[in-house]
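# Descriptive structure summary
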Amino acid sequence: MEIIETNLQFNSNKTIRDLNTIKRIILHHSGVTVLQTVETIHNYHKNSRGYAGIGYHFYVRKDGKVYRGRALEWVGAHAYGSNTDSIGICTEGDFNSETMSEIQKNAIKELVTYLKGIYNISIVQGHKEVCNTSCPGANFPLGEIVNATIAKNETVQTTRSIVDLANETIQGKYGDGEARKQALGSLYNEVQAKVNEILLGKKTTVAKKSNEQIANEVIEGKWGNNPSRKEKLQNAGYDYNAIQKIVNQKLR
Ligand SMILES: [Zn+2]
């Protein structure tokens with residue numbers, strides 16, 4: 001799937017969170033029949049509501065295109081009392097008066113499935129389940145979206161830090177030998193190096209990651225959004241353009 005990166009400018013009025021705190025997805029509609037770009041919603045939330053910028057993490061338009069809103073590392077502003085542990089997805093339209101097109105419905109299903117797989121999320125809710133509102137609308141196909149998106153089995157939550165994984169490895173959580181290799185997957189070498197470092201008290205050199213690995217991390221949200229993503233990658237010594245190219249190919 002493709003997430004269209006945006007270049008929205010946020011102010012400092014936002015709260016950073018650990019991606020491990022994400023437990024659920026909350027679905028919304030824009031509540032108006034008129035078409036709105038992600039920038040329109042961003043500007044409205046920023047200038048009229050006093051938020052740091054768009055309150056949602058993703059915006060799914062009627063044409064099925066998915067836009068990034070605020071970074072997943074920032075607590076959203078979309079469901080009062082339920083923001084800290086959730087991802088907010090807004091869908092364009094007023095689903096109290098309209099019905100959703102297949103293309104938009106499929107885009108939401110794909111996005112929800114993708115996020116559930118990455119963040120090990122099992123709870124998907126409509127805004128009205130957590131707040132006194134009719135959002136995302138009586139015609140919103142909530143049940144269909146929730147049921148269509150069964151999470152994939154995950155061996156390791158890759159959003160955990162290497163140090164956490166190393167400590168868990170030492171505690172025996174991932175077993176030994178082949179079992180450990182399987183459980184840690186692509187993170188095995190890095191985690192094992194950290195385990196050795198902790199156990200032996202000496203540093204083992206960790207090879208620089210491949211562009212492919214970094215591209216996966218970008219997709220998982222570890223490197224944030226542009227323009228800061230570009231800066232972070234370059235500061236870490238990576239080739240931003242090469243990595244972004246891989247990201248775009250993967251999300252096709
Ligand atoms: Zn809502």
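From a predicted model like this one, the values you see are computed outputs, not experimental measurements.

Turning our eyes to something else, we now look at the overall build of the protein chain. The number of helices and strands found in the protein chain is nine helices and six strands. On C-alpha atoms alone, the protein chain measures out to a radius of gyration of 20 Å, which is about the 18 Å that the 2.2 N^0.38 rule sets for 252 residues. Reported as C-alpha extents along the three principal axes, the dimensions of the protein chain are approximately 65 × 35 × 35 Å. Going through the 252 residues of the protein chain one by one, you find that 33% of them count as buried. Looking at the protein chain alone, contacts between residues at least 24 apart form 73% of all its contacts between residues at least 6 apart.

Let's shift gears to the sheet that holds strand β5 (residues 86-91). Ordered by their spatial adjacency, six strands build an open sheet running β1-β4-β3-β5-β2-β6, and the pairing between neighbours is mixed. The sheet is open, and its two edges are formed by β1 (3-4) and β6 (123-126), each paired on a single side. Here six bridges tie strand β2 (residues 24-29) to β5, and the two strands are oriented parallel to one another. Paired with isoleucine 25 across the bridge in β5 is isoleucine 87.

Turning our eyes to something else, we now look at the nonpolar core. The nonpolar side chains of soluble globular proteins are, as a tendency, buried together. One finds Ile25, Phe58, Tyr59, Val60, Ile89 and Leu111 to be the most contacted residues of the largest nonpolar core, which totals 31 residues. Listing elements by their share of this core, those giving two or more residues are β2, α1 (38-47), β3 (58-60), β4 (66-68), β5 and α2 (102-119). If you tally residues by element for this core, the top one is α2, at seven residues. In contact with isoleucine 25, other than residues within four places in its own chain, are Ser86, Ile87, Ile89, Val112, Leu115, Ile121 and Val124. One finds Ala215, Tyr238, Ile243 and Val247 within the second-largest nonpolar core, a separate group that totals eight residues.

Their axes nearest at 9 Å, the elements helix α7 (residues 211-219) and helix α9 (residues 240-250) cross at an angle of 60°. Viewed along their axes, α7 and α9 form a crossing whose handedness is right-handed. Facing Asn211, Glu212, Ile214, Ala215, Val218 and Ile219 of α7, the residues of α9 in contact are Ala242, Ile243, Ile246, Val247 and Lys250. Across the contact of α7 with α9, the residue classes break down as eight nonpolar, one polar and two charged.

Another aspect to go through is the domain arrangement of the protein chain. Taken domain by domain, the protein chain comprises domain 1 (3-148) and domain 2 (162-250). The distance between the C-alpha centroids of domain 1 and domain 2 comes to 28 Å. Within the side of domain 1 that touches domain 2, the residues separate by chemical class into four nonpolar, one polar and three charged.

What counts and what doesn't
- Residues numbered from 1 in each chain as written.
- Predicted model: local features only at pLDDT ≥ 70, side-chain atom pairs only at ≥ 80, totals over all residues.
- Helix = DSSP H or I, 4+ residues; strand = E, 2+ residues; numbered from the N terminus.
- Rg over C-alpha atoms; globule rule 2.2 N^0.38 Å.
- Buried ≥ 20, exposed ≤ 12 C-beta atoms within 10 Å, placed from the backbone.
- Contact = placed C-beta atoms within 7 Å.
- Pairing = 2+ DSSP bridges.
- Core = buried A, V, L, I, M, F, W, Y, C linked by C-beta atoms within 7 Å.
- Axes fitted to C-alpha atoms, helices over the stretch in contact; angles between N-to-C directions.
- Left-handed = near helix turned anticlockwise from the far one by under 90°.
- Nonpolar A, V, L, I, M, F, W, Y, C, P; charged D, E, K, R; others polar.
- Domains from an automatic or database assignment.

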